[in-house]
Amino acid sequence: MNMDKLKKYLVAGIGTLLIGALAACGGEETSSESTDDSSSNGDTSSEEVVDLTFWASSNPDRADFQLTMARVEQFNEEHPNINLKIETTAHADYRTRLNTQAAGGQLPDIFQVWPGAELKPLVDGGAVQSLNPIKGNWTDNGLLDEEVFNDFTFEGESYAIPSVQNPTSFVFYDKDMLASVGFDSFPDTYEGLLELIEALKGDDITPIALGNSAPWVLQSVYISTIADRFTGPDFLEGVANGERKFTDPDFVQGLEVIEELYQVGAFNEDLNTIDSNQMIEYFIQGRAAMVLDGNWGVINILTNMPEDKNVGIGIFPLGDTNSVSTVAGNAWALNSDLEGAELEAAHTFMKWMFDVEFYEGLISVGRVVAGNVDMPEDADHDQLFLDMLELSNEAPPAPVYDATIPQAVNNVLQNELQAITIGRSTPEEAAANIQRAVENQ
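### Comments concerning the nonpolar core
Counting 119 residues, the largest nonpolar core has Phe 172, Tyr 222, Phe 246, Phe 251, Met 290, Phe 316 and Phe 349 as the members making the most contacts within it. In terms of residues, this core owes the most to one element, helix α8 (residues 216–231), which gives eight residues. Excluding anything up to four places from it in sequence, Phe 251 contacts Ile 223, Ala 227, Thr 231, Phe 235, Phe 246, Tyr 401, Leu 413 and Ile 434. Of all hydrophobic cores here, the second largest spans 19 residues; its members include Phe 111, Trp 114, Ala 127 and Ala 331.

### Notes on helix α5 (residues 132–139)
An α-helix turns once every 3.6 residues. As a result, residues three or four positions apart point the same way. Taken across its eight residues, α5 has eight buried, putting it largely inside the fold. For α5, the full list of buried residues reads Asn 132, Pro 133, Ile 134, Lys 135, Gly 136, Asn 137, Trp 138 and Thr 139. Where α5 is buried, its residues touch β5 (157–158), β6 (161–167) and α13 (340–353).

### Overview of the sheet that holds strand β10 (residues 311–314)
Spatial strand order, β8-β9-β7-β10: four strands in an open sheet with mixed pairing. Looking along the sheet, the strands with just one partner apiece sit at the ends: β8 (208–209) and β10. Pairing between strand β7 (residues 170–174) and β10: four bridges, direction antiparallel. Counted as the bridge partner of Tyr 173 is Gly 312 from β10.

### A look at the pairing of strand β1 (residues 50–58)
The buried count for β1 comes to seven of nine residues, which makes it a mostly enclosed element. The pairing of β1 with strand β2 (residues 82–90) spans nine bridges and is classified as parallel. Counterpart to Phe 54 in the pairing with β2 is Ile 86. Taking the sense of rotation as the criterion, the β-α-β connection linking β1, helix α2 (residues 63–78) and β2 turns out right-handed. Bridge count between β1 and strand β3 (residues 110–113): two bridges; the pairing is parallel.

### Examining helix α17 (residues 427–439)
Counted at 1.5 Å a residue, the expected span for α17 with its 13 residues is 18 Å, and the 18 Å between its end C-alpha atoms agrees. Where α17 is buried, its residues touch α9 (235–240), α10 (249–263) and α16 (407–420).

### What about the confidence of the model for the chain?
Taken over all residues, the pLDDT of the chain has a mean of 88, while the share at 70 or more is 89%. Every residue in residues 1–45 scores below 50 in pLDDT, and together they form 181 contacts with partners more than four places removed in sequence or on other chains.

### Focus on the packing of aromatic side chains
Counted according to the given criterion, the structure contains 19 aromatic pairs. An aromatic cluster of at least three residues, connected via ring pairs, comprises Phe 54, Phe 75, Trp 332, Phe 349, Trp 352, Phe 354, Phe 358 and Tyr 359. It is Arg 97 that lies over the ring of Trp 55; its NZ or CZ is 3.9 Å from the centre. Its end group placed over the ring of Tyr 282, Arg 287 keeps NZ or CZ at 3.8 Å from the ring centre.

### Remarks on the packing of α8 against α16
The contact between α8 and α16 brings their axes to 8 Å, and the two run at 90°. The orientation of α8 relative to α16 falls into the category roughly perpendicular. Each of Trp 216, Leu 218, Gln 219 and Ile 223 in α8 lies in contact with α16, whose residues at this interface are Asn 410, Leu 413, Gln 414, Leu 417 and Gln 418. When grouped by side-chain class, the residues that make up the contact of α8 with α16 number five nonpolar, four polar and no charged.

Criteria and thresholds
- Residues numbered from 1 in each chain as written.
- Predicted model: local features only at pLDDT ≥ 70, side-chain atom pairs only at ≥ 80, totals over all residues.
- Heavy atoms only, no water.
- Core = buried A, V, L, I, M, F, W, Y, C linked by side-chain atoms within 4.5 Å.
- Buried < 20%, exposed > 50% of the residue type's maximum accessible area, 1.4 Å probe, protein only.
- Helix = DSSP H or I, 4+ residues; strand = E, 2+ residues; numbered from the N terminus.
- Contact = heavy atoms within 4.5 Å.
- Pairing = 2+ DSSP bridges.
- Right-handed = clockwise from strand over helix to strand, strands pointing away.
- Expected span 1.5 Å × (residues − 1).
- pLDDT = per-residue confidence, 0-100.
- Phe/Tyr/Trp six-rings, centres within 6.5 Å; stacked < 30°, edge-to-face > 60°.
- Lys NZ or Arg CZ within 6 Å of the ring centre and 35° of its normal.
- Axes fitted to C-alpha atoms, helices over the stretch in contact; angles between N-to-C directions.
- Parallel < 35°, antiparallel > 145°, perpendicular 65-115°, else oblique.
- Nonpolar A, V, L, I, M, F, W, Y, C, P; charged D, E, K, R; others polar.

So, in structure tokens, the structure goes:
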């Protein structure tokens, strides 16, 4: 792959859940693609300050979150007539809070959302505004492709704008630890991976760090990619229209891989009591030779790892394809109750926030972005990030389950995956329970 291609981050919308999403909408104008920028200077119809509440999922140790919050603060400084009242919630708790507040009709004015199946209930409940009136601000100048909005669009109305693209499944590995048990490169077959796991265990090394106390990890990072290798990318669409079932043998095979990894001792014993941040810490501290995480893992690893740690990146080796579950993310939405000066102010913020500078800034801190922008010339990326980007460009995309299937079904899926890793459910039992959740909707 040449560097020109490597430097370009073009995003196609993927029908999909992570790892992290923010969205924006607006609806006061009658034109479906208006690019009127009369509100972009921050002026409102009076001298009074317009207050807007703003919620985001918090990852305070991550550079992309820090960048985002810094830009929100910058917006407040540059727009004295608009005051964003910022409130963040820990990532593990944000979804619960959002859904609880949505049920009570008490959402903030601007808030982070997830695509697909997680956004749809908010759309169906009339909680978010269509972004169509201002979508041309990004599509007309080519900053965002129309496809970027696919996972946030229902019946022709787009309700969110993403900042990043999230491949959710990579294997990060300690090259020196692998070499110490005779592996000079990461295995390219599943059988080779099992041999590596056995070799590491024989040397008293935990093979894979896993933190699944918030059970999205086994779903988003593991099964979304692993199951796709057996079922193909059209499986979830088939489930939705009744042509496929979770009890089909090919999906059960995906669950069997999770069971096998658990049974051969691939994971740390406390896998269901530590979270995704702690599993990265285990890996960085040398308490495990590998960790599976999304593209956001690059930021955490590069920010916190010792200088002498030699980290490589690969794709889970299984089957005949190297597909990786992928979803657009870090998106924001607007409350459907906004109107008048408040809606005008919210549009001003969305147009200001999602600009070339923001997308270039995200690239600079190691994210794959949704915007059609070049890598800044002064970006000094570690080889790990460049390797991740190349893998992302080459891997066929697979849907992320929690952004594709209904929330109630996803909850059962995640519980069943966790049950498999404590020996309380078999793949066949888990599949039957997940399918039952589909049929009970």
